Amino acid sequence: MHEPTQAGFEGLRVVSLLPSATEMLALLGCNVVGRSHECDYPPAVRDSAPALTGAFNRFESSSQMHDAVTASLKAGKGLYFLNTDVLREVKPDVIVTQSLCSVCAVDYSIVQEAIAALDSPPRLLDTNPMSLQAVIGDLRRLGAELGRAEAGEAAAAALTARVDAAVATAQRLAAEAGEAAKKRVVFLEWTVPLFPGGHWTPQMIEMAGGLCPINPPKPGGGAAPSRETDPSEVVGADPDLIIISPCGLDLPTTRRETAALQEQAWWRDLRAVKAGRVALVDGNQHFNRPGPRLVEALEWLVGLLAGRPDLMPADFPWEWL
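Everything numeric in this text was worked out from a predicted model, so none of it was measured.

Student: For this particular structure, what's the right way to read helix α1 (residues 19–28)?
Tutor: Side chains of residues three or four places apart in an α-helix project in the same direction, reflecting 3.6 residues per turn. The buried fraction of α1 is high, at eight of ten residues. Within the span of α1, buried status applies to P19, S20, A21, T22, E23, M24, L25 and L28. Elements that come into contact with the buried residues of α1 comprise β1 (14–16), β2 (32–35), α2 (45–48), β5 (94–98), α6 (132–145) and α7 (149–177). Of the residues one or two after α1, G29 is the one with positive phi, at around 75 degrees.

Student: I keep staring at the sheet that holds β1 and nothing clicks. Help me out?
Tutor: Sheet strands pair by backbone hydrogen bonding; their relative direction is either parallel or antiparallel. Spatial ordering of the open sheet is given by β2-β1-β5-β6, a layout of four strands whose pairing is parallel. What marks the edges here is a single partner per strand, and that holds for β2 and β6 (123–127). Looking at each pair of strands side by side, their axes are set apart by 25 degrees on average, direction ignored. One ladder, built from five bridges, connects β5 with β6; its direction is parallel. What sits directly across from V96, in β6, is L125. α1 contacts β1, β2 and β5 of the sheet and is inclined by roughly 140 degrees relative to β1.

Student: Where do I start with the pairing of strand β7 (residues 185–190) in this structure?
Tutor: Two faces, one strand: in a regular strand the side chains alternate between the faces of the sheet. Of all six residues in β7, six are buried, a share of seventy percent or more. In the sheet, β7 pairs with strand β9 (residues 241–244) via four bridges, with the strands oriented parallel. If you follow V186 over to β9, its bridge partner there is I242. Looking at chain direction, β7 and strand β8 (residues 195–196) are connected through two bridges and run antiparallel. The partner of W190 across the bridge, within β8, is F195. The turn joining β7 and β8, which pair antiparallel and follow one another in sequence, is formed by four residues.

Student: Help me understand the domain arrangement of the protein in this model?
Tutor: A common way to state how big an interface is: give the accessible area lost once the parts meet. On domain assignment, one finds that the protein holds domain 1 (9–128) and domain 2 (155–320). Just the C-alpha atoms count here: the centres of domain 1 and domain 2 sit 27 Å apart. In this assembly, 17 residues from domain 1 lie in contact with 21 residues from domain 2. Here domain 1 is connected to domain 2 by three salt bridges. Between D40 and R289 there is a salt bridge, and its shortest N-O distance comes to 2.6 Å. In this structure, the connection of domain 1 to domain 2 is made through eleven residue pairs in polar contact (both at pLDDT 80 or more). For the side of domain 1 that touches domain 2, the elements supplying multiple residues, two or more each, are α1 and α3 (62–74). The leading source of residues in the side of domain 1 that touches domain 2 is α1, at five residues. Residues of the side of domain 1 that touches domain 2, tallied by class, amount to eight nonpolar, five polar and four charged.

How each quantity is defined
- Going along each chain's sequence as written, the residues are numbered from 1 onward.
- Confidence filtering applies because this is a predicted model: local features only for residues at pLDDT of at least 70, side-chain atom pairs given and counted only at 80 or more, and all residues used for totals across whole chains, interfaces and linings.
- Only hydrogens and water are set aside; all other atoms, that is, all heavy atoms of the structure, feed into the side-chain values.
- Between buried and exposed lies partly exposed: a residue is buried under 20% and exposed over 50% of the maximum accessible area for its type, with that area taken using a 1.4 Å probe on protein chains only.
- By definition, any uninterrupted DSSP run of H or I lasting at least four residues is a helix, any uninterrupted run of E lasting at least two residues is a strand, and each is numbered from the N terminus.
- Throughout, a residue-residue contact means that at least one pair of heavy atoms, one from each residue, lies within 4.5 Å.
- Any two strands with at least two DSSP-identified bridges between them are counted as paired.
- Every angle, taken between N-to-C directions, lies between 0 and 180 degrees, and every axis is a line fitted to C-alpha atoms, over only the stretch in contact when it is a helix.
- Domain borders in the structure are assigned automatically or taken from a domain database.
- For this analysis, a salt bridge means a side-chain nitrogen from Lys or Arg found within 4 Å of a carboxyl oxygen belonging to Asp or Glu.
- A 3.5 Å cut-off defines polar contacts: any pair of N or O atoms within that distance qualifies, except that in protein one atom must be a possible hydrogen donor and the other a possible acceptor, and neighbouring residues in sequence count only when both atoms are side-chain atoms.
- By the convention adopted, Pro, Cys, Tyr, Trp, Phe, Met, Ile, Leu, Val and Ala count as nonpolar, Lys, Arg, Asp and Glu as charged, and the other residues, Gly among them, as polar.

Below, the structure written as structure tokens:
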């Protein structure tokens, strides 16, 4: 197992098997020598580091992908593969991966098996955040583990300051509008079938001044994992606002997948739908990734819930349905 000295930290070769971790490593200034097939930000990472993973199932539609994932998991098969030949070639000292969700990225056990076959197994750093604070904490922890403690502390402090400012703005605007003006928000991270937001997302909605009636956050932290939800639960929530941000999908694909909802009578009867209060977001870049840009998503939420476009980050990838 690689155990670098402090002097050896500068040359650490790091593989990231998570898009969110890749974004953190970029902030820390780490030497990323390998990535997952989904790591696309910062854009330069696509050219600077080879992809080590791939997906067995090809996305065609929300329902098709859900059925494919369900069948694979039921059969005890993984959803992603790890190219061990490329892994050997890049010779990592450290691999940053996750054990939070076997649907979102290569399974932790697959990574463990792969490195066990290497002559000099790299260290594994697991990230498993359940809340926005834990995401920022992971940035600080990765900095400490990879010899970038000062950069980690600085980046975490900057993100925390932005979070505090966004929450303060939300609280001020809520006080001005009155408690009764708080909007009930239904956040969907999959459309067919319906999956509401989980972990950090409901927490962020309430931090931004909204209410999250489906899968609400626990006091001071994140919510339970996302789960399949019957349309009756969405109808019963009677949302003022609906946000659709499917996991791993860009904005054009999200727009296309939302068409299936628009065919449903229960959907068309929702108050938010009738009022034109359905927002589509590029979930591949925001909300689904537990990385630094969650803070940007929080700032966007504050502006959206307050009806203040001037508070939204420029070029945030969203649109009204």
